[in-house]
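# Structural description and commentary
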Amino acid sequence: MANKSWSTVGKPEQRIDAVEKSTGKVRYIGDYSAPGLMHAKLVKSTQAHAKIISIDTTEAWKMPGVRAIITGKMFPFHIGPILADRPPLAFEKVRYYGEPVAIIVADHEHQAKHATEKVKVVYEPLPIVNSVQQAFLKDAPLVHDNAEQYTKIISDVYPKASTNIGSHIKIRKGDFDTAWANSEETITATYSFNLSDHVAMETRSTRVEINPAGKVIVHSCSQSPFTIKKVLNQFFNVEVGDILVHIPMVGGAFGGKGTVQLEPLAYLASKAVGGKVVKLEFDREEDMTTAPCRIGFDATVQLGVTKEGKLVAGKYTYLLDSGAYSDQAAGITRAAALDCTGPYNIPNVWCDSYCMYTNHPFATSFRGYGHPELTFAVERTMDQLAEKLQMDPLQLRMINGIKPGHTTPTQTVLTANNIGDLEKCIHRAKELIKWDEGQKVQSGKNKVRTKGISTFWKTSTTATNAQAGAIIIFEADGSVNLNCAAIELGQGTKTILGQILAEKLGMDMNKVHVTMEVNTQYDPHQWRTVASSSTFLAGKAVVFAADHAIAQLKKTAAVVLQCSPDDLEVGGGRVYLKPDPTFGVDIKDISLGYTYPSGHSIEGQIVGIGKHIQRHLTPMDQQTGFGKPGPWWSVGVQAIEIELDTRDFTYSILKGVTVLDGGTIINPMTATQQMRGGMYMGLSYATSEKFVFDEQGIVQNSDLRGYPMLRYGEQPTEYLVDFIESPAIDGPFGARGIGEYGVIGAPACLANSLSIAADVELNELPLTPESIWQKKKEGTK
Amino acid sequence: MISFDFMYFQPSSITETIDMYNGVHEQGEKAMYISGGTEFITFARTNKVYADVIIDSKGIPECNVLEMRNDDVVIGAAVSLNKITNSNLFPFLGATVKQIADHTSRNKITIGGNINSELIYKESVLPLLLVDARVKVVKGTDVRVVSLKSLFDRKMKLSPGELLLQIIIDSSYIELPYISLKRTKFSKVGYPVVSVAAILKENQLRVAFSGVCDYPFRSDEIEAILNDSTIPIVDRIDKVLGNLPSSIVDDLQGSREYRSFVLKNVLLDVMEEMEMGE
Ligand SMILES: Cc1cc2nc3c(=O)[nH]c(=O)nc-3n(C[C@H](O)[C@H](O)[C@H](O)COP(=O)(O)OP(=O)(O)OC[C@H]3O[C@@H](n4cnc5c(N)ncnc54)[C@H](O)[C@@H]3O)c2cc1C
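Residues numbered from 1 in each chain as written. Chains lettered and ligands numbered in written order. Predicted model: local features only at pLDDT ≥ 70, side-chain atom pairs only at ≥ 80, totals over all residues. Heavy atoms only, no water.

Of the regular secondary structure elements, chain A holds 17 helices and 32 strands. Its C-alpha radius of gyration of 27 Å places chain A within 12% of the 28 Å reference for a compact globule of 781 residues. When its C-alpha atoms are laid out on the principal axes, chain A stretches across 95 × 75 × 50 Å. Across the 781 residues of chain A, 63% fall into the buried class. Of all intrachain contacts in chain A linking residues separated by at least 6 positions in sequence, the fraction that spans at least 24 positions is 78%. (Helix = DSSP H or I, 4+ residues; strand = E, 2+ residues; numbered from the N terminus. Rg over C-alpha atoms; globule rule 2.2 N^0.38 Å. Buried < 20%, exposed > 50% of the residue type's maximum accessible area, 1.4 Å probe, protein only. Contact = heavy atoms within 4.5 Å.)

Structural data, given as structure tokens:
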């Protein structure tokens, strides 16, 4: 529970970017223009799988303003974050509709775009891999001929020769076969979760220049500034120290801006025009299909239980549609495996999680990193199992909820610190959704109201050496600047870090200035702003930086006040004597060193530095999955109440509930926003969002005319959020991560409530009135 | 980003507008009228439409009229959908166009643009067909007022260079009972799976459809069936489905079979709301 003696942590402080954003004054990457700025536009594949026979640029060269044309032949190498399997520009063949084939650099954006229309590419169509099931077949066409020969950037990836398997992650815990054979009741069910897009408000955009001194200067809307450096170094042979990356505020990312796609293209473009500044900004259509999207997911879940409903065996086969390249889908394959069971204690677990290549746009991280997908499969199965057992679905979850002392599928031992309290979350959600008033009631002519529930969990699978740092420096008025490479993408991270610092220094929030822009040259290294990890990693770095500054403040003050540093306390803009707080010195008088009336000065300015690196994380064993993949698990429960018209299958979402145990909540207002926004996003792709492919693998709805999503104002009428705060002893003020969590259970509880309402098992998303009607029709045949 | 170059003009009179169109035409170039411009911009950036010259009709005073004139409601072609709804001059039309797009887009989308849209929906036409609206159009020096019905067959039959100026509605229709029902895929903002508008005039139901076939329509045959009180309602509706002017649309918004399911339900709702029961 929040410590009542805190003055800033645990308080609903206004987001520090709120005024700038709501007055429309933030300048995003795409807003930049300057004389001499050049523009790059892409020629994109019109085919999903084809040999490139020729690329004729003659006509394009004749267009006004064209300065350079770059094709894949000029950089015929593969890059990638986990497995280097993706050429920045396709060469020899294209593997998805929308894939970059050539770059045109021109003086103006419209000139570049116009010239792209004049490039003639001749393709020879190849057989299309249009689904994960097809990709998995023995004699399926191959998306990559020699995937096993690609360079591994991270160890946990296992491409399989002569197949479309980009990676295969296994979990073998206990003895599944025996437990399954001895189960008193079993269930097997299959699910499918569609490919979709992030649709962040800001489309991806970057600009790159190579200055005369050879420095590569990148401005981008990225979640991974240090990965940009790594990629340009690893694959383009630029010295790491010569790469400077700037990230301003980012207009929404949701994982989609973690991939390094545009920066290498803009780098090649800049190089082709003698290092001039080149801007590459994606149109919405490019942002949806050329840039990576969200994985598709097919699952088969088998659960074995005792008559009393105790889970004894679980088997999970996950097929991830990673599209043409593995990118982060290889990591999601691993993340889905290591949390495959959902937050349940199952002694015997078997999981095969496959990253499958197809000829769809390639997939990357998306808020939840595989968890909304696996949770949909697991939680639908739990509901169907409860029905088989004639047991209350909540009761079944209660009986099996994971707790300290249990182990995860990778056999990490759980403790009261590294996992939240699921049982408390279930109880609270049960109250908020008024479960006891009935799960299904008739609410009018042709109308039923039903409730669906979903538990969820997730760990933060960072690199084992993921880390963050923070530097704090002081102003002459005693206020403090915080520099840290956590990126503000609308999730409120800069506000949270400011609150942590304010609390540590006993200062008002308005005395803490958090630098919004990230600059890799003066901000200490931070892994990336993904995986709900910034509050934890950067938060801890800020705590240490504050302690470091406090020690210095006390040292200077001890000289001034002629006492021991141990006698002193920092707070209220002062350093003062613990036993007599009236006796002290203002921070402003010592923050830049203390000057005596004589003019003599001592100690100099205060500079606080702090850092934190993950501890005791390990890769996973290839055969069993054994390992410690993440530092903690946040857990939660979501519930939904819907009203379905049983005649035409239209429905409305009446109420949404999210209860999360993410440790101490640093800011209840921004945390509530995160849960609401998350649930809303989950509901949008559970109700609406889906890429549609034709038989040639061409995306049929690559713009917002054809790609359906929920609009502002279509959130549930009633929207309740609550937190259980079981502190993580090693988190900053007891906090764990919460950023992604609101999204995870939403599709599952929607499907659970609708399945009860429509009286048919709904195991495929999205759930439109048409898809329910379709299922009903099949069910009644 | 629109990649091709084009010129933009906003003339302030009908004559200037027409002269400009003809001038461009005579030079062998393509001119195009716009009003809200939303369709032009979104289609042009993906090269679905091309023009050398864009002539914006928003500067023409006649196209911005929105008022009662004697016994008529007069609506300029360049009036935005939101203005029509907010004016409350003709609630039936206001309610129908409020179901088009989202609020922000409706600030820009005009009734003239919607009626002349390249898309198959043109939902604002539904109430207009039912109330025997007239339209004022101009071509060269020839201004004429004709019934919408005579010009609208699947789409507006305007000849090249002809400009829609106004829509005129006899105010006696304003008080008639009406209903406007739209079903979308899921989100309220979306193209229609089925959109139906209906009024009751002298106990006779008039109905118009969008999203069902690949053009909006009103059909005497269908109205005759629906008004035939000798047949049970469900049978009338089944009969309507057998008498559609062309096959039902099958696309991203909904399959053919699903659309016919929705259409039946929507017609049931219309009959119930309009108290057309046996
Ligand atoms: C988000 C969104 C959702 C939408 N949803 C729907 C929907 O649910 N239902 C629906 O029916 N439509 C829908 N539309 C389509 C929209 O109504 C049409 O695209 C409409 O044409 C736009 O009007 P405008 O005034 O901006 O058109 P403009 O771009 O100005 O013009 C459109 C066409 O009309 C012609 N034109 C315009 N004015 C005149 C005139 N005075 N005389 C002759 N020709 C003229 C133009 O030459 C052009 O061909 C939607 C559009 C958007 C952006």
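Residues and elements named next belong to chain A. One way to put it is that helix α10 (residues 371-389) packs onto helix α11 (residues 393-400) with a least axis distance of 8 Å and a crossing angle of 110°. As the angle between them shows, α10 and α11 are arranged roughly perpendicular. Of the residues in α11, those in contact with E379, M382, D383, L385, A386 and L389 of α10 are P393, L396 and R397. Considered class by class, the residues forming the contact of α10 with α11 number 6 nonpolar, no polar and 3 charged. (Axes fitted to C-alpha atoms, helices over the stretch in contact; angles between N-to-C directions. Parallel < 35°, antiparallel > 145°, perpendicular 65-115°, else oblique. Nonpolar A, V, L, I, M, F, W, Y, C, P; charged D, E, K, R; others polar.)

Turning our attention to helix α10 (residues 233-242) of chain B. Residue and element names in this part refer to chain B. When α10 is considered as a whole, its buried residues turn out to be I233, R236, I237, V240 and L241. Buried positions in α10, seen along its axis, are confined to an arc of 145° and lie on one side of it. Where α10 is buried, its residues contact α9 (220-226) and α11 (256-273). (Arc of directions from axis to C-beta.)

This next bit is on the interface of chain A and chain B. Of the residues lining the interface, 31 residues belong to chain A; the matching set on chain B comes to 30 residues. Taking both partners together, chain A and chain B bury about 2,600 Å²; carbon and sulfur atoms supply 52% of that area. Close ionic contact of E257 of chain B with K777 of chain A constitutes a salt bridge, the shortest N to O distance being 2.9 Å. Our count for the chain A to chain B interface comes out at 12 residue pairs in polar contact (both at pLDDT 80 or more). At the level of elements, α3 (109-116), α8 (284-290) and α17 (769-780) of chain A are the ones that each hand at least two residues to the side of chain A that touches chain B. (Buried area = accessible area lost by both parts, 1.4 Å probe. Salt bridge = Lys/Arg side-chain N within 4 Å of Asp/Glu carboxyl O. Polar contact = N/O pair within 3.5 Å; in protein donor to acceptor, adjacent residues only side chain to side chain.)

Turning next to the domain arrangement of chain A. Much of the literature gives interface size as the accessible area that the parts lose upon coming together. All names here are of chain A. Assigned domains within chain A: domain 1 (18-25 + 466-613), domain 2 (32-126 + 201-252 + 257-290) and domain 3 (296-462 + 617-780). Its C-alpha centre places domain 1 at a distance of 39 Å from the equivalent point of domain 2. In this assembly, 21 residues from domain 1 lie in contact with 17 residues from domain 2. Considering only the surface of domain 1 that becomes buried against domain 2, I487, L489 and T520 emerge as the three largest contributors, covering 35% of it. On the surface where domain 1 and domain 2 come into contact, there are 0 salt bridges. Linking domain 1 to domain 2 there are 6 residue pairs in polar contact (both at pLDDT 80 or more). (Domains from an automatic or database assignment.)

Our next topic: the nonpolar core. One finds Y316, Y318, L644 and L750 of chain A together with L205 of chain B to be the most contacted residues of the largest nonpolar core, which totals 181 residues. Ranked by the residues each element gives to this core, the list is headed by helix α14 (residues 534-561) of chain A, at 15 residues. Among all residues touching Y316 of chain A, those that are not within four sequence positions of it are T300, V301, L303, C340, T341, I346, V349, W350, C351, D352 and V378 of chain A. The next biggest cluster of nonpolar side chains, apart from the first, holds 45 residues, and it includes A68, V238, V245 and L268 of chain A. (Core = buried A, V, L, I, M, F, W, Y, C linked by side-chain atoms within 4.5 Å.)

Now for α11 of chain A. All names here are of chain A. For α11, a buried count of 6 out of 8 residues is recorded, marking the element as mostly surrounded by other parts of the structure. If you check which residues of α11 are buried, you get P393, L394, L396, R397, M398 and N400. The inward-facing, buried residues of α11 contact β16 (311-323), α10, α12 (422-432), β19 (447-459) and α16 (746-758). The N-cap residue of α11 is D392: its side-chain oxygen and the backbone nitrogen of L394 are 2.6 Å apart.

With that out of the way, let us pick up unusual backbone geometry. Of note, the amide linkage connecting L765 of chain A to P766 of chain A takes the cis form, showing an omega dihedral of -5°. Position of P766 of chain A among the secondary structure elements: in the loop between α16 and α17. For V199 of chain A, which is not a glycine, the phi torsion comes out positive at approximately 50°. Here V199 of chain A lies in the loop between β10 (185-193) and β11 (205-210). The exposure class of V199 of chain A is buried, given its relative accessible area of 11%. The residue K122 of chain B is not glycine, and still its phi comes out positive at about 45°. With respect to the helices, strands and loops of the structure, K122 of chain B is situated in the loop between α6 (111-115) and α7 (125-130).

With that out of the way, let us pick up the environment of T658 of chain A. Residues and elements named next belong to chain A. Structurally, T658 is set in strand β31 (residues 651-661). In this structure, the C-alpha to C-alpha distance between T658 and F75, residues 583 residues apart in sequence, is 48 Å. Discounting chain neighbours no more than four positions away, the residues touching T658 are V637, Q638, M675, M679, L720, V721 and D722. Of the polar contacts made by the side chain of T658, one reaches the side chain of Q638; its length is 2.9 Å.

Residue and element names in this part refer to chain B. Taken together, the 3 strands give an open sheet; going across it, the order is β1-β3-β2, and neighbouring strands pair in parallel fashion. Each having just a single partner strand, β1 (7-9) and β2 (31-34) make up the two edges of the open sheet. Mean inter-strand twist for the sheet, computed between neighbouring axes without regard to direction, equals 25°. As paired elements, β2 and strand β3 (residues 53-56) share 4 bridges and run parallel to each other. From the neighbouring strand, M32 faces β3, where its bridge partner is I54. Packed onto the sheet, helix α1 (residues 14-26) meets β1, β2 and β3 and runs at close to 150° relative to β2. (Pairing = 2+ DSSP bridges.)

Here the focus is the side chain of S322 of chain A. Residue and element names in this part refer to chain A. Along the chain, S322 turns up in strand β16. A relative accessible area of 0% places S322 in the buried class. Of note is the side chain of S322, whose polar atom sits 2.9 Å from the backbone oxygen of Y325. Among all residues touching S322, those that are not within four sequence positions of it are A329, C355, M356, Y357, P361, F362 and A363.

Residues and elements named next belong to chain A. Evaluated as defined, the whole model comprises 57 salt bridges over all chains. The partner of D17 in a salt bridge is K21, and the shortest N-O contact between them spans 2.9 Å. A salt bridge links E373 to R294, with the nearest nitrogen and oxygen atoms 2.6 Å apart. Of this pair, E373 sits in helix α10 while R294 sits in the loop between α8 and β15 (296-305); the two residues are 79 residues apart in sequence, bridging distant segments of the chain. Looking at R294, the relative accessible area reads 0%, which means it is buried.

Before going further, it helps to spend a moment on the environment of K155 of chain B. By secondary structure assignment, the location of K155 of chain B is in strand β9 (residues 155-156). Along the backbone, K155 of chain B and I120 of chain B are 35 residues apart, and their C-alpha atoms lie at a distance of 8.6 Å.

Before going further, it helps to spend a moment on the sheet that holds β16 of chain A. Residues and elements named next belong to chain A. With mixed pairing, 5 strands are arranged side by side in an open sheet as β9-β17-β16-β15-β10. This sheet does not close on itself; its edge strands, each paired only once, are β9 (165-173) and β10. Neighbouring strand axes in the sheet, compared pairwise and without regard to direction, differ in orientation by 5° on average. Bridge count between β10 and β15: 9 bridges; the pairing is antiparallel. Residue pairing across strands places I187 opposite L303, the latter belonging to β15. Sitting on the sheet, α10 touches β10, β15 and β16, and the angle it makes with β10 is about 145°.

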